[in-house]
Amino acid sequence: MEQRKSHKDEKGNAQAGQTLVRQNTDVLCDGGLSRSSDETSVMGAEQRAKVIQLELPLATFIDKGRDSGIETKGLPITKRMVWEAYKKVRSNKGAAGIDNETLDLYKERLKDNLYILWNRMSSGSYFPPSVLEVEIPKDDGRKRKLGIPTVNDRVAQQVVKTYLEPRFEAEFSPHSYGYRPKKNAHQAVAAVQKNVRQYRWVIDMDITGFFDNMSHGLLMKAIDRHVEEKWAKMYIKRWLEAPIEDKDGNKRYRNGTGTPQGGVISPLLANLFLHYALDRWLEIKYPQLRFVRYADDAIIHCNNQTEAEKVLNAIKQRMIDCGLEVNERKSKIAYCKNANRKGTYKVVKFDFLGFTFQPRPTSTKAGQMFLGFDCAISTKSKKKIIEIFRKSNFHRWTVSDITRIADEFNSKIQGWINYYGQFRKYSLMKIFRIFHHRLMSWAVNRYKRFKGSMRKAGRWIYEMARSQPNLFVHWQHGFQGA
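One structure accompanies this document, and this report is about it. Everything numeric here is computed off the predicted structure, so don't read it as measured data. (Residues numbered from 1 in each chain as written. Predicted model: local features only at pLDDT ≥ 70, side-chain atom pairs only at ≥ 80, totals over all residues. Heavy atoms only, no water.)

### What to know about the pattern of salt bridges
Moving on, step 1. Evaluated as defined, the whole model comprises 14 salt bridges.
Moving on, step 2. Arg280 serves as the salt-bridge partner of Glu283, at 3.1 Å between the closest nitrogen and oxygen. Of the two residues, Glu283 and Arg280 are both situated in helix α10 (residues 266-285); the distance of 3 residues between them amounts to about one turn of the helix.
Moving on, step 3. Judged by relative accessible area, Arg280 falls into the partly exposed class, the value being 30%. (Salt bridge = Lys/Arg side-chain N within 4 Å of Asp/Glu carboxyl O. Helix = DSSP H or I, 4+ residues; strand = E, 2+ residues; numbered from the N terminus. Buried < 20%, exposed > 50% of the residue type's maximum accessible area, 1.4 Å probe, protein only.)

### Some points on the packing of aromatic side chains
Moving on, step 1. Following the criterion strictly, the structure yields 35 aromatic pairs and no others.
Moving on, step 2. For the pair Trp83 and Tyr86, a centre-to-centre distance of 5.9 Å together with 35° between the ring planes defines the contact as tilted. Residue Trp83 and its partner Tyr86 are both found in helix α2 (residues 79-92); the two are separated by 3 residues, about one turn of the helix.
Moving on, step 3. Using a relative accessible area of 1% as the deciding quantity, one classes Tyr86 as buried.
Moving on, step 4. An aromatic cluster is present here, built from Phe389, Phe394, Trp397, Phe409, Trp416, Phe435, Phe472 and Trp475 joined pairwise through their rings.
Moving on, step 5. Of note, Lys183 hangs over the ring of Tyr177, and the distance from its end group to the ring centre comes to 4.4 Å.
Moving on, step 6. Residue placement shows Lys412 over the ring face of Phe409; its charged tip is 5.7 Å from the ring centre. (Phe/Tyr/Trp six-rings, centres within 6.5 Å; stacked < 30°, edge-to-face > 60°. Lys NZ or Arg CZ within 6 Å of the ring centre and 35° of its normal.)

### Examining the sheet that holds strand β3 (residues 201-206)
Moving on, step 1. Pairing is antiparallel across the open sheet formed by 4 strands, whose spatial order is β6-β7-β3-β8. The sheet is open, and its two edges are formed by β6 (290-294) and β8 (332-335), each paired on a single side. In this sheet, neighbouring strand axes are inclined to one another by 20° on average, regardless of whether the strands run parallel or antiparallel.
Moving on, step 2. Bridge count for β6 against strand β7 (residues 297-302) is 5 bridges, and the pairing is antiparallel. Within β7, the position partnered with Arg290 by the bridge is His301.
Moving on, step 3. Running at roughly 160° to β6, helix α6 (residues 185-195) makes contact with β6 and β7 of the sheet.
Moving on, step 4. Relative to the sheet, helix α11 (residues 305-321) contacts β3, β7 and β8, its axis offset from that of β3 by approximately 20°. (Pairing = 2+ DSSP bridges. Axes fitted to C-alpha atoms, helices over the stretch in contact; angles between N-to-C directions. Contact = heavy atoms within 4.5 Å.)

### Structural notes on the environment of Thr306
Moving on, step 1. Of note, Thr306 is situated in helix α11.
Moving on, step 2. For the pair Thr306 and Trp201, spaced 105 residues apart in sequence, the C-alpha to C-alpha distance is 9.7 Å.

### Considering the packing of α2 against helix α5 (residues 151-169)
Moving on, step 1. The N-to-C vectors of α2 and α5 enclose an angle of 110°; their axes lie 8 Å apart at closest approach. Taken as axis vectors, α2 and α5 run roughly perpendicular relative to one another. Considering how the two elements wind past one another, α2 and α5 form a crossing that is right-handed. Of α5, the residues touching α2 (which contributes Met81, Val82, Ala85, Tyr86, Lys88 and Val89) are Arg154, Val155, Gln158, Val159 and Tyr163.
Moving on, step 2. Each residue belonging to the contact of α2 with α5 can be placed in one class, and the counts come to 8 nonpolar, 1 polar and 2 charged. (Parallel < 35°, antiparallel > 145°, perpendicular 65-115°, else oblique. Left-handed = near helix turned anticlockwise from the far one by under 90°. Nonpolar A, V, L, I, M, F, W, Y, C, P; charged D, E, K, R; others polar.)

### A look at the pairing of β7
Moving on, step 1. Most of β7 is tucked away, with 5 of its 6 residues classed as buried.
Moving on, step 2. Here β3 pairs with β7 via 6 bridges, running antiparallel. What sits directly across from Met205, in β7, is Ala298.
Moving on, step 3. Here β6 folds back onto β7, and the loop between the two strands holds 2 residues, one of which, Ala295, carries a positive phi near 55°.

### Some details on helix α12 (residues 379-392)
Moving on, step 1. With 14 residues, α12 should reach 20 Å at 1.5 Å per residue; the first-to-last C-alpha distance of 20 Å fits that figure.
Moving on, step 2. Buried within α12 we find Ser381, Lys382, Ile385 and Phe389. Taken around the axis of α12, the buried residues stretch over an arc of 105°, which confines them to a single face. Among the exposed residues of α12, those oriented more than 90 degrees off its buried face are Thr379, Lys383 and Lys391.
Moving on, step 3. For α12, the secondary structure elements touched by its buried residues are β11 (369-377), α13 (402-420) and α14 (429-446).
Moving on, step 4. Count one or two residues on from α12 and you reach Asn393, which has phi positive near 55°. (Expected span 1.5 Å × (residues − 1). Arc of directions from axis to C-beta.)

### Digging into the nonpolar core
Across soluble globular proteins, nonpolar side chains show a tendency to be buried alongside one another.
Moving on, step 1. Core analysis: the largest hydrophobic core is formed by 74 residues, its most contacted members being Phe273, Ile300 and Ile315.
Moving on, step 2. Examining the composition of this core, we find that 11 residues originate from one element, α10, more than from any other.
Moving on, step 3. When neighbours within four sequence positions are excluded, Phe273 is seen to be in contact with Phe210, Met214, Ser215, Leu218, Leu219, Cys322 and Leu324.
Moving on, step 4. Membership of the second largest hydrophobic core comes to 54 residues, among which are Cys336, Leu353, Phe423 and Met464. (Core = buried A, V, L, I, M, F, W, Y, C linked by side-chain atoms within 4.5 Å.)

### Here we look at the pairing of β3
Moving on, step 1. Of all 6 residues that make up β3, 6 are buried, and the element is covered over most of its length.
Moving on, step 2. Alternating positions in β3 separate into two faces, Trp201, Ile203 and Met205 on one and Val202, Asp204 and Asp206 on the other, with burial throughout.
Moving on, step 3. Across 4 bridges, β3 lies against β8 in antiparallel orientation. Each bridged residue has a counterpart across the sheet, and for Val202 the counterpart in β8 is Ala334.

### What to know about unusual backbone geometry
Moving on, step 1. Positive phi, normally seen in glycine, also occurs at Arg424, with a value near 55°.
Moving on, step 2. Along the chain, the position of Arg424 falls in the loop between α13 and α14.
Moving on, step 3. Note on Arg424: relative accessible area 16%, which makes it buried.
Moving on, step 4. Backbone geometry at Lys451 places phi at a positive 50°, although glycine is not the residue there.
Moving on, step 5. Mapped onto the fold, Lys451 is located in the loop between α14 and α15 (454-467).

Now the structure itself:
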């Protein structure tokens, strides 16, 4: 991503790409968000940025065309930055926003769309449209609200995200793994797996409606500490205040809290908020402990039950101070029981990122068995996958051959194995047994020669797995006999 060298002009205003931490901002107390004695008025910057757009003809967007020599105007946003942002949005795919414009439709007028976006962003006159609100079901039967920006707005957000992300990354804790470059969920699970061998107790913490309740005021204080550029803060403020609209056209506005869970820049802003609200606070107040955070899910490792209870109570108060609330129903304290930890406690397991940590039979390299405390795919995750089998009703696809079933499920199976197979892959056996049982039902319904015999159908599928092991992905991973 191209960024210009940073410097200050004769008025002392920061220019593009500058990585600054404000020297006149008070030191964070206990890692918290403190006030700056001379915070810049964002609204003032916003008014100054409303300059008249230059009347430039549309041209081939990047490094070509009639106006390729004219690169920037009022703000240091280049055409190259917009182009790279679009490529990132395109690779991430995603649904249409409130304007119903898909990525394919956006591409039909790509050069014009990107030019207009650059023209408006670089002059300070870009305002985000409404965010489309959609609801998806949660495990507990309730609905999770997602906010889907338009394709054009996702490109705009990506421009600012790419610009700011490196300086935020330099500050973030190594124990934070969610939505960060070169970090992923498997690394977070592996970190917890390592920590439970050292610490006997964990706090499994969940924040109630984090993306809906994140304070704009506290977030902007954190941004002020790291972002000097008024234009970047102006656009962040506009995205935070963008209206929310459902498919029926009902529009509402945020009241100083929340960011769309589905926006491009939202995860970066959420990580910055929790960096100060939780991560730095834990590192300063409890340096003897370890924690792992992935977005708004966190595991805090403690030495004993008393310590865990005290820390959880302190976290609850800390969240209240930051305008948030610990989810009492989902949060808990668990004992990491194994062969060397013989205490008897009610809660000896917890879930994290689709895996369940609990006492499990474990073998040494020499093949000796002992009781360990380890992770594998959770029961909740298994049920979700099995529900996909049930809803598909593929055992009734009697007009289709087995290759149609393979085409339908192979990409899904590959994804499940890639994610859940990283830890105790053989735990997926139950899932594939159920899949094979439905496959046997399909064979019985389709072929009269089996005369309703599940045993004969099962033998036929087993022989096919041996003769055509590449037909289904899981057969290639040793699950032929599931």
